[in-house]
Amino acid sequence: MKQYSTALSLYKQIKLMGIPTDLYSINISINCLCRLNQVAYGFALLATIFKQGHRPDLATYATLIHGLVLADRVYEAVELFKKLLRDKLCDPDQVMYGTVINGLCKVGHTSKAFELLTFMESGSCKPCVHHYNTVIDSLCKDRMVDNALELFTHMTEKGGFLADVITYNSLIHGLCNFGRETEAAKMLRDMEKEGVSPLVDTFNILVNAFCKQGSVKDAELAVQAMARRGLHPDVITYNAVIVGYCLRGEIDEGKKVIDRMMERDIVPDIITYSRLIDRYCKKKRIHKVWRLFQEIQDKGLIPNVVTYSSMLQGLFESGNPAAARELFNKMQCSDALALFRSLGNKESMEDVGLYNILIDGCSKCGNPSLAMDLFDELLLKGLKPDVRTYNAMMRVYCEEGLLGKCKELLRKMEESGCLPDSFTYNIIVRGLLKKNECGEAEIFLEEMRNRGFMPDHATFENLLVRIPNVGKILVCEQLF
């Protein structure tokens, strides 16, 4: 259930009631604290154990070492482990050794983990296949696949251990990362000879490797081999195949893979579509892009930054900036900003229209400070704000009650040759009415009318509440 906070609360209640706590209950509390990333309080309870006259046991120290590893304090975990051995405070078991080996591999000290594994082999607490798997996997990730293969041979031939599917998956993945797919395929055959059944993940590693090499035919053969073994390819399998076809420039073949997925009741995910969209955009086949984008929406999938990035870049490069801006406007504020930042120094980053959408979006998302930063950024780049930019910023200032800045911006707007429109005046008048500055609101209202603009529905409603007589006169003018 993992109700760590509830368990700690119960422990505190027991203490407050004066009920004595034993080592077992304290160890549970230490574990809860470590799981909640509060290992320092766990050590405070270690002091409590000593104060109560108890002797910490293997579970106490194992829990604290695990807590230190979880908190990325591996060096301290190793030092505590060494102290336990040096002072003979307890005899570490396989679990404790596994925790320390995992911690060392986690921070890239694979050689130290290997040394500890060797130490285990010579001691009374012998390693199991899990310990070897951890080191083998770490060696493969460190691009030391030959060392991993040597350890595998040592484990199976000298140690007499039976490798499991995790062992083989790590080695197959390591070989594939080095472009050694032939050896990886042989490893797959070897594992089956040893009675170890490959999983879908095992085949996915091979399929992905073949596709990255452009060997889609081999990948398709691997998918067929999966089916013969009663394994069902998943969305990860088919995504890899789609990438393979796209890398070969056979995008339409990649699209056919989606049809195959649907026939097998496998629902494509946003990654599937994003990869195809990216390739169609690079080929400037925008009609295909829009069709896939519509398919995404029909299936209820949510486009991500990668999807939008590919589409926007494709639309800009195919000479359709208006459609690109329209698409950008439909994005979630956070996605739009993340995408905008990813564009670097590309031409689209110099588009005032995109800034307008972002500034307006940040305002609507409740992030006015970011909207102000974006406006300052726009000016620093030497870009010229248009009436939409000014209106968006005035809305931000009014909502934040910064009417002085709003009026100053109106002055700068006119000085730059950008004339205010009806939206500009409606924003300012509503902002002034909201702050109950009715006299100044009337001045701007008069200026607004002199320029041929009229209050909108929202402004009318505010006027009828704040300045009823003016509101009524304007209503009558509208009617007659």
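None of these values were measured; they are calculated from a predicted model. Going along each chain's sequence as written, the residues are numbered from 1 onward. Owing to the predicted nature of the model, reporting of local features is limited to residues with pLDDT of at least 70; listing and counting of side-chain atom pairs is limited to 80 or more, with chain, interface and lining totals taken over all residues. For the side-chain quantities, the full set of heavy atoms in the structure was used; hydrogens and water were omitted.

**What about the side chain of Thr459?**
Part 1 of the reasoning: Mapped onto the elements, Thr459 comes out in helix 27 (residues 457-466).
Part 2 of the reasoning: Engagement of the side chain of Thr459 in a polar contact is seen with the side chain of Asn426, the distance being 2.7 Å.
Part 3 of the reasoning: In this description, contact between two residues means that some pair of their heavy atoms is separated by no more than 4.5 Å. With sequence-adjacent residues up to four places away left out, Thr459 is seen in contact with Asn426, Val429, Arg430 and Leu433. Helix numbers and strand numbers start at the N terminus; a helix is a DSSP run of H or I with at least 4 residues, a strand a run of E with at least 2. We call two N or O atoms a polar contact when they sit within 3.5 Å, provided that within protein one can donate a hydrogen and the other can accept it, with sequence-adjacent residues counted only if both atoms are side-chain atoms.

**Digging into the state of the cysteines**
Part 1 of the reasoning: When two cysteine sulfur atoms are found within 2.5 Å, that pair is recorded as a disulfide. The full count for this structure, using the stated rule, is zero disulfides.
Part 2 of the reasoning: Cysteine Cys34 remains unbridged, with the sulfur of Cys32 as its closest cysteine sulfur at 9.4 Å.

**A closer look at the confidence of the model for the chain**
Part 1 of the reasoning: Each residue carries a pLDDT score, the predictor's confidence in it, ranging from 0 to 100. Per-residue confidence for the chain averages 86 on the pLDDT scale, and 89% of its residues sit at or above 70.
Part 2 of the reasoning: Under a pLDDT of 50 for its full length, residues 475-480 has, in the predicted model, five contacts with residues more than four places off or in other chains.

**Remarks on the packing of helix 3 (residues 39-51) against helix 4 (residues 58-70)**
Part 1 of the reasoning: Note on method: axes are straight lines fitted to C-alpha atoms, helices fitted across the in-contact stretch only, with angles between N-to-C directions ranging 0 to 180 degrees. Where helix 3 meets helix 4, the closest approach of the two axes is 10 Å, and the angle between their N-to-C directions is 160 degrees. Considering their axes alone, helix 3 and helix 4 lie roughly antiparallel with respect to each other. Once helix 3 is placed against helix 4, the crossing between them reads as left-handed. Note on element contacts: helix 4 touches helix 3 through Thr60, Tyr61, Leu64, Gly67 and Leu68, opposite Val39, Gly42, Phe43, Leu46, Ile49 and Phe50.
Part 2 of the reasoning: Split into classes, the residues belonging to the contact of helix 3 with helix 4 amount to eight nonpolar, three polar and no charged. To sort the angles, those under 35 degrees are grouped as roughly parallel, those over 145 as roughly antiparallel, those from 65 to 115 as roughly perpendicular, and the leftovers as oblique. Crossing handedness is read from the near helix: turned anticlockwise from the far helix by less than a right angle, it gives a left-handed crossing, and turned clockwise, a right-handed one. We call Asp, Glu, Lys and Arg charged. Ala, Val, Leu, Ile, Met, Phe, Trp, Tyr, Cys and Pro are nonpolar, and the rest, Gly among them, are polar.

**Some points on the packing of aromatic side chains**
Part 1 of the reasoning: Each Phe, Tyr or Trp ring, with Trp reduced to its six-membered ring, pairs with another whose centre is within 6.5 Å; inter-plane angles below 30 degrees give stacked pairs, above 60 give edge-to-face pairs, and intermediate values give tilted ones. Using the criterion set out here, one finds six aromatic pairs in the structure.
Part 2 of the reasoning: Taking 5.3 Å as the distance between ring centres and 75 degrees as the angle between the ring planes, the aromatic pair formed by Phe81 and Tyr97 counts as edge-to-face. In this pair, Phe81 is assigned in helix 5 (residues 74-86) and Tyr97 in helix 6 (residues 94-106), connecting sequence segments 16 residues apart. Tyr97 matches Phe81 in its accessibility class, with the two residues each being buried.
Part 3 of the reasoning: Here Tyr425 and Phe453 contribute two aromatic rings whose centre-to-centre distance is 6.1 Å and whose plane-to-plane angle is 35 degrees, an arrangement assigned as tilted. Within this pair, whereas Tyr425 is found in helix 25 (residues 422-434), its partner Phe453 is found in the loop between helix 26 (438-450) and helix 27, the two being separated by 28 residues in sequence.
Part 4 of the reasoning: Note on exposure labels: buried denotes an accessible area under 20% of the residue type's maximum, exposed denotes more than 50%, and partly exposed covers the range between, all computed with a 1.4 Å probe on protein chains only. A relative accessible area of 1% means that Tyr425 is categorised as buried.

**A short note on unusual backbone geometry**
Part 1 of the reasoning: A positive phi angle is found at Asp72, which is not glycine, with a value near 60 degrees.
Part 2 of the reasoning: Locating Asp72 in the fold gives a position in the loop between helix 4 and helix 5.
Part 3 of the reasoning: Judged by relative accessible area, which is 55%, Asp72 ranks as exposed.

**With respect to the packing of helix 8 (residues 129-141) against helix 9 (residues 145-158)**
Part 1 of the reasoning: Where helix 8 meets helix 9, the closest approach of the two axes is 7 Å, and the angle between their N-to-C directions is 165 degrees. On the basis of their axis angle, the class for helix 8 and helix 9 is roughly antiparallel. By crossing handedness, the relation of helix 8 to helix 9 is classed as left-handed. On helix 9, the residues touching Val129, Tyr132, Val135, Ile136, Leu139 and Cys140 of helix 8 are Val145, Asn147, Ala148, Leu151, Phe152, His154 and Met155.
Part 2 of the reasoning: Tallied by class, residues from the contact of helix 8 with helix 9 come to eleven nonpolar, two polar and no charged.

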